Amino acid sequence: METRLSRTKHKSDVAAVLRKSWYRLRLSVRHPSRAATWDAIVLTAASPEQAELYHWQLTRAKRMGRIAPFTVTLAVPDPLGQRIGSGAATLHAIHALALHFRTIRGPNSQVADTDNGEVVDDLEQMVSYIAKKHILLLHAGGDSKRVPWANPMGKVFLPLPYLAADDPDGPVPLLFDHILAIASCARQAFKNQGGMFTMTGDVLPCFDASNMVLPEDTSCIITVPITLDIASNHGVVVASKSGDVENNVNLVDNLLQKPSVEELVKNNAILDDGRTLLDTGLIAVRGKGWVVLVTLACTCQPMISELLKTKKEMSLYEDLVAAWVPAKHDWLRLRPSGEELVSRLGKQKLYSYCAYDLSFLHFGTSSEVLDHLSGAGSGLVSQRHLCSIPGTTLSDIAASAVILASKIAPAVSIGEDSLIYDSTISSGIQIGSLSIVVGINVPDVSDNAAENRFRFILPDRHCLWEVPLVECTGRVIVYCGLHDNPKISLSKDGTFCGKPWRKVLYDLGIEENDLWSSIDNQEKCLWNAKIFPILSYFEMLSVATWLMGLSDKRSEDILSLWRNASRVSLEELHRSIDFSKMCTGSINHQADLAAAVAKACISYGMLGCNLSRLCEEILQMENVGVKICNEFLDLCPTLLEQNCKILPKSRAYQVHVDLFRACNNETAACKLENKVWAAVADETASAVKYGFKEHLLDAPINMPTPACKNIGFNGSVDDSFQPRRVKVELPVRVDFVGGWSDTPPWSLERAGCVLNMAISLEGSLPIGTIVETTKTTGVFVNDDAGNELHIEDLTSIATPFDHSDPFRLVKSALLVTGIIHEYVLASVGLKVMTWAHVPRGSGLGTSSILAAAVVKALLQITDGDESNENVARLVLVLEQLMGTGGGWQDQIGGLYPGIKFTASFPGIPLRLQVIPLLASPPLVSELQQRLLVVFTGQVRLAHQVLQKVVIRYLRRDNLLISSIKRLAELAKIGREALMNCDIDDLGDIMLEAWRLHQELDPYCSNEFVDRLFEFAHPYCSGYKLVGAGGGGFALLLAKDAEHAKKLTHLLEKDSNFDVKVYKWNIFLDK
């Protein structure tokens, strides 16, 4: 019990959960074969018009990479725009999806959709088809009365800038986007069994949904323990005391709605710790239970027709779910369609999965929205995102104000903890604290002296928004108090703009029949009050000031203006929104902002923004978008001229490439890409060959014929040949964390940190070379694969090298060491033999370490500078010549013994600082007992991954930049962990590093590696592929020596894994 109680009090770290969920979402979209995603995502809507808006949002989500391209997306309105309840809407949505699938599959596939609900012959086939699918259903069809400013956009699409700073050039994240991220983890819990996961559009349930344990072939409701005071306003689940305690799964005994303490006690609903289980609105249905539900949905039309006829509703949580709970059957039979629900669904059972770590973020009211932006979770929030804001001396904007996708003019005041979204605020506007402004576009009247004196004040704790109406050229301005509840009537002390209705009417001289019809029997409340006039823009603002009680003018003129104007209520607005105009306006507004940011970046800055991402938004403006991108393209030629001393050419060229693509000029983009890679190579060479002779990278000129028989390497003349022979053997390296921060162009512009280790394999150093002089001139090369080459004409060694040339490594080494430029081979030759006794594509840094061995041997035999630092720098240049790219960590890992932390510092020259870790014998012993070095059998090529990552960096992809920064930070943390002998902490670091590597490129892993790691997970503290990933070797850090032995034994005997566990030792001697 003590363990369970401690668990119940633990809540998830919202930031950590969201980051993991977003990682999963991006992986499922970019590489769905590795991370399964939803076959269909369905949203319920209140009306066909709202469904059209939702369809636009779903299309946007696909464009932004939130939804996989092949996932079916559907927005399903309630039939005839009439409310039928969330339960009936669920059945209706499944039925609509079946019809949609029928359309996709062809006309021969049928679903029961006749007027009388007659089941056609192919119903069973269709049910079988849908039952194999994985469906995400999101209920978003409410009218958002408690968050009225979100009514036009749909509450599920309200702005929620959590983690927005991770991608500052991207669009503002929405609640919907975060829900998709959480849901992507929930998909993992379904595994391969078809089913549906239902969520609500006004709740963000922050928990690791991949850890859910869902019973097979039935339904399961997700719960979380809450205090009794909260339970009194929500649904409560009564779970059986017996069940799968280890996995937190129990049979549901009863369902309670807003229960009193007495009801909770009576129904045995109070847990041992004094709390009860909250119904979170998350419901999973799998297997046979899903088949039964689909069968009901495909024949539900008579049931829905009856609901429409009788104007009744069927709730999901009170009616449909109750059919799975026997204790509710008697009650349910008295409800609309209850008898049929019990008959069709009653044999199924409902289980509860208790997510103890779930944080329940509800967005049910305007004040709750602001709480989630300014309360305990404010560390997640980006206060400024994709916005234009004047300087601090030109405006008064509180630091805690959240300003998203908005233009703010000078002489504007915004108070603390306010939210400004999708708006243009002109001079003279004052917005109070704890206020919400959405979709407001105040005209700029700076050219009109009379109207320029206009001032508008939105008081503290108020909401202000605009709505375009159907068949109306303008927009109506809407407002209310933050805490106004539009559903509370005048007779029950309902409020408008924070004041009781009766006081508002008295102060302003308004009659009740001005607002409410005496014919209707509806309760008089803000929802149906015809209070918002349709006038010219500034007249509407003047009336707003008067209605809020802020006008000093005698009210007769304004009262008359208001009375004579056409007016609408919130209810009428809900039915009259011009969603098409609203979408177009929002698209153009945000594209304008993106264009302004991009233009400033090109004209004034150092191209620090992700212009490729900004252009995506700009191109959403039809016709105009391409024109704007072409204008940016015209500015490109001046970029290098203005900033030639500090702006990297590679970045400037990449901007040019991205703009060509934005302008649909793929031919020019492809042609210029060669310059991008050439610039990266040049910049790398400049940073590492500082102090060397400039011709070292060029092809040699014709060798002169020496006057003597032989010139020694020391410059002395000798008639006799003196043979020399050098052998260099090196270990391979395994990296714990920090890779990618060592790679140009990152390491040329930003600091890098890597933690890696030199090891021998199977008792020997696997990489080596022998270089010896020969009497015959020229260079003879052979390798362990049997390839041989005799280079008689050294002037033939020139870049660029063919990628299929097996000797380009040795040729590049001859160039960077300068041997063939100094005429040292005028009368003698060289024989170079190389070997690497490790599998191809190992990820152990083989190519770079072999290059280091050859360079070191060539420098030794010519009495050059063979210091490790010099060799490491030359190998960096060599890899650029070879066209493989790569950073410095591989050669550092092989050249320096033991475990080391290496930092690089950008500049000319690039500086490296290698700090050996003085590993104690116990640390060395424990590492060698617990760390498994396993060859996966999967061949990989680092440069394939490398090119993708480098391009993303050159584009200034912010997600990539933040990931590499974190990898470098983890290298520092890992160093501390090893120094303190905290090997378990090193395991956690390896796991996070592996997640970040997959964030950089999802193809750094594959299904085989995923299965291997899933198999090893119960035995390990951490695991990752070495190097850039994609295959090769894996590191498995076992929990202890016994787990290491057991895992080794299991891997060696399991025929599903054709892997090899290598014997290894830390290479400490040098």
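Residues numbered from 1 in each chain as written. Predicted model: local features only at pLDDT ≥ 70, side-chain atom pairs only at ≥ 80, totals over all residues. Heavy atoms only, no water.

**Things to note about the sheet that holds strand 39 (residues 1033-1038)**
Right, on to step 1. Strands sit in the order 38-39-37-40 across an open sheet of four strands; the sheet is antiparallel. Each edge of the sheet is formed by a strand with only one pairing partner; in this case those strands are strand 38 (1020-1025) and strand 40 (1060-1062). Recorded for the sheet is a direction-independent mean angle of 25° between the axes of neighbouring strands.
Right, on to step 2. Here strand 37 (residues 931-935) runs beside strand 39; their pairing, made up of five bridges, is antiparallel. Looking across to strand 39, one finds that Leu932 is bridged to Leu1036.
Right, on to step 3. Across the sheet, helix 34 (residues 983-1000) touches strand 38 and strand 39, and the angle it forms with strand 38 is around 40°.
Right, on to step 4. Along the sheet, helix 36 (residues 1041-1053) makes contact with strand 37, strand 38, strand 39 and strand 40, crossing strand 37 at roughly 15°. (Pairing = 2+ DSSP bridges. Helix = DSSP H or I, 4+ residues; strand = E, 2+ residues; numbered from the N terminus. Axes fitted to C-alpha atoms, helices over the stretch in contact; angles between N-to-C directions. Contact = heavy atoms within 4.5 Å.)

**A look at the environment of Leu923**
Right, on to step 1. The residue Leu923 is located in helix 31 (residues 921-930) in this model.
Right, on to step 2. Here the alpha-carbon distance between Leu923 and Ile403, two residues 520 residues apart in the chain, equals 51 Å.
Right, on to step 3. Setting aside residues up to four positions removed in sequence, Leu923 forms contacts with Leu978, Cys981 and Ile983.

**A look at the sheet that holds strand 22 (residues 462-468)**
Right, on to step 1. Across the sheet, which stays open at both edges, the six strands sit in the order 12-14-17-20-22-23 with mixed pairing between neighbours. A single partner strand is all that each edge strand has here, and the edge strands are strand 12 (384-385) and strand 23 (475-481).
Right, on to step 2. Examined bridge by bridge, strand 20 (residues 436-438) and strand 22 share three bridges and lie parallel to one another. Considered in strand 22, the bridge of Val438 is made with Trp465.

**Focus on helix 18 (residues 555-564)**
Right, on to step 1. Within the sequence span of helix 18, burial applies to Ser555, Ile558, Leu559 and Trp562. One side of helix 18 holds all its buried residues, which, seen down the axis, span an arc of 105°. Opposite its buried face, helix 18 presents the exposed residues Asp557 and Asn564, each directed more than 90 degrees away.
Right, on to step 2. The elements touched by buried residues of helix 18 are helix 15 (501-508), helix 16 (512-515), strand 26 (532-534), helix 17 (537-547) and strand 27 (566-568). (Buried < 20%, exposed > 50% of the residue type's maximum accessible area, 1.4 Å probe, protein only. Arc of directions from axis to C-beta.)

**Some words on the confidence of the model for the protein chain**
Right, on to step 1. With 92% of its residues at a pLDDT of 70 or more, the protein chain shows a mean pLDDT of 88.
Right, on to step 2. Between residues 1-10, whose pLDDT stays under 50, and residues either more than four places distant or in other chains, the model counts twelve contacts.
Right, on to step 3. Predicted confidence for residues 111-120 stays below pLDDT 50, and this span has 22 contacts to residues more than four positions away or in other chains. (pLDDT = per-residue confidence, 0-100.)

**A short note on the side chain of Asp166**
Right, on to step 1. Relative to the helices and strands, Asp166 is located in the loop between strand 3 (134-139) and helix 6 (175-190).
Right, on to step 2. Taking the relative accessible area as the measure of exposure, Asp166 reaches 18% and is therefore buried.
Right, on to step 3. Of note is the side chain of Asp166, whose polar atom sits 3.2 Å from the side chain of Arg19.
Right, on to step 4. If sequence neighbours within four positions are ignored, Asp166 has contacts with Arg19, Asn958, Leu959 and Ser962. (Polar contact = N/O pair within 3.5 Å; in protein donor to acceptor, adjacent residues only side chain to side chain.)

**So, the pattern of salt bridges**
Right, on to step 1. The tally for this structure, following the rule as stated, stands at 40 salt bridges.
Right, on to step 2. Across the salt bridge formed by Asp507 and Lys503, the nearest N and O atoms sit 3.1 Å from each other. Here Lys503 and Asp507 lie together in helix 15, a separation of four residues that amounts to about one turn.
Right, on to step 3. Take Lys503: its relative accessible area is 43%, and that puts it in the partly exposed class.
Right, on to step 4. Residues joined by salt bridges that share partners form a network here, namely Arg733, Asp735, Asp890 and Lys1024. (Salt bridge = Lys/Arg side-chain N within 4 Å of Asp/Glu carboxyl O.)

**Considerations on unusual backbone geometry**
Right, on to step 1. At the junction of Pro744 and Pro745, the peptide bond is cis and its omega measures out at 5° in the coordinates.
Right, on to step 2. Cis rather than trans, the peptide bond between Thr799 and Pro800 has omega equal to 0°.
Right, on to step 3. Structurally, Pro800 can be placed in the loop between strand 33 (788-791) and helix 27 (808-817).
Right, on to step 4. Positive phi outside glycine occurs at Lys258, with the angle close to 45°.
Right, on to step 5. With respect to the element layout, Lys258 can be found in the loop between strand 8 (249-257) and helix 8 (261-266).
Right, on to step 6. Judged by its relative accessible area of 55%, Lys258 falls in the exposed class.

**Let's talk about the nonpolar core**
Right, on to step 1. Core analysis: the biggest nonpolar cluster contains 293 residues, and Trp149, Phe197, Leu204 and Ile222 have the highest contact counts within it.
Right, on to step 2. In this structure, Ile222 is in contact with Phe197, Phe207, Met212, Leu214, Leu278, Asp279, Thr280, Leu282, Tyr353, Ala355 and Leu358, ignoring residues within four places of it in sequence.
Right, on to step 3. Formed by 59 residues, the second largest nonpolar core is a distinct cluster that contains Leu97, Met303, Leu308 and Tyr317. (Core = buried A, V, L, I, M, F, W, Y, C linked by side-chain atoms within 4.5 Å.)

**Topic: the pairing of strand 37**
Right, on to step 1. Of all five residues in strand 37, five are buried; the element is thus mostly enclosed.
Right, on to step 2. Of the two faces of strand 37, both are covered, the one formed by Leu931, Val933 and Phe935 as well as the one formed by Leu932 and Val934.

**Observations concerning the pairing of strand 8**
Within a regular beta strand, the side chains point alternately toward one face of the sheet and then the other, so they alternate between its two faces.
Right, on to step 1. Bridging between strand 7 (residues 235-244) and strand 8 involves seven bridges; their strand directions are antiparallel. Across the sheet, the residue bridging to Val237 is Leu255, located in strand 8.
Right, on to step 2. Between strand 7 and strand 8, which pair antiparallel in sequence order, lie four residues; one of them, Asn248, sits at a positive phi of approximately 65°.
Right, on to step 3. Alignment of strand 8 against strand 10 (residues 350-354), held across three bridges, turns out to be antiparallel. Across the sheet, residue Asn250 finds its bridge partner in strand 10, namely Ser352.

**What about the packing of aromatic side chains?**
Right, on to step 1. Counted according to the given criterion, the structure contains 20 aromatic pairs.
Right, on to step 2. Seen in terms of ring centroids, Trp38 and Phe197 are 6.5 Å apart; in terms of plane orientation they differ by 10°. Their pairing is stacked. Taken as a pair, Trp38 in the loop between helix 2 (14-30) and strand 1 (40-45) and Phe197 in strand 4 (residues 195-200) lie far apart in primary sequence, 159 residues in all. Comparing Trp38 with Phe197 shows no difference in burial state: the two are buried.
Right, on to step 3. For the ring pair Phe1008 and Phe1057, a centre distance of 5.9 Å and an interplane angle of 70° mean the geometry is edge-to-face. Separated by 49 residues along the polypeptide, Phe1008 in helix 35 (residues 1007-1016) and Phe1057 in the loop between helix 36 and strand 40 bring together distant segments of the chain.
Right, on to step 4. Taken together, the ring pairs connect Tyr479, Phe496, Trp501, Trp516 and Phe532 into an aromatic cluster. (Phe/Tyr/Trp six-rings, centres within 6.5 Å; stacked < 30°, edge-to-face > 60°.)

**Focus: the packing of helix 33 (residues 958-979) against helix 34**
Right, on to step 1. Running from N to C, helix 33 and helix 34 point in directions that differ by 165°, and their axes come no closer than 10 Å. It follows from the interaxial angle that helix 33 and helix 34 lie roughly antiparallel. Here the hand of the crossing between helix 33 and helix 34 comes out left-handed. Here Leu960, Ser963, Ile964, Arg966, Leu967, Leu970, Ile973, Gly974, Ala977 and Leu978 of helix 33 come into contact with helix 34, specifically with Asp985, Leu986, Ile989, Glu992, Ala993, Leu996, His997, Glu999 and Leu1000.
Right, on to step 2. Looking at side-chain class alone, the contact of helix 33 with helix 34 contains twelve nonpolar, three polar and four charged residues. (Parallel < 35°, antiparallel > 145°, perpendicular 65-115°, else oblique. Left-handed = near helix turned anticlockwise from the far one by under 90°. Nonpolar A, V, L, I, M, F, W, Y, C, P; charged D, E, K, R; others polar.)

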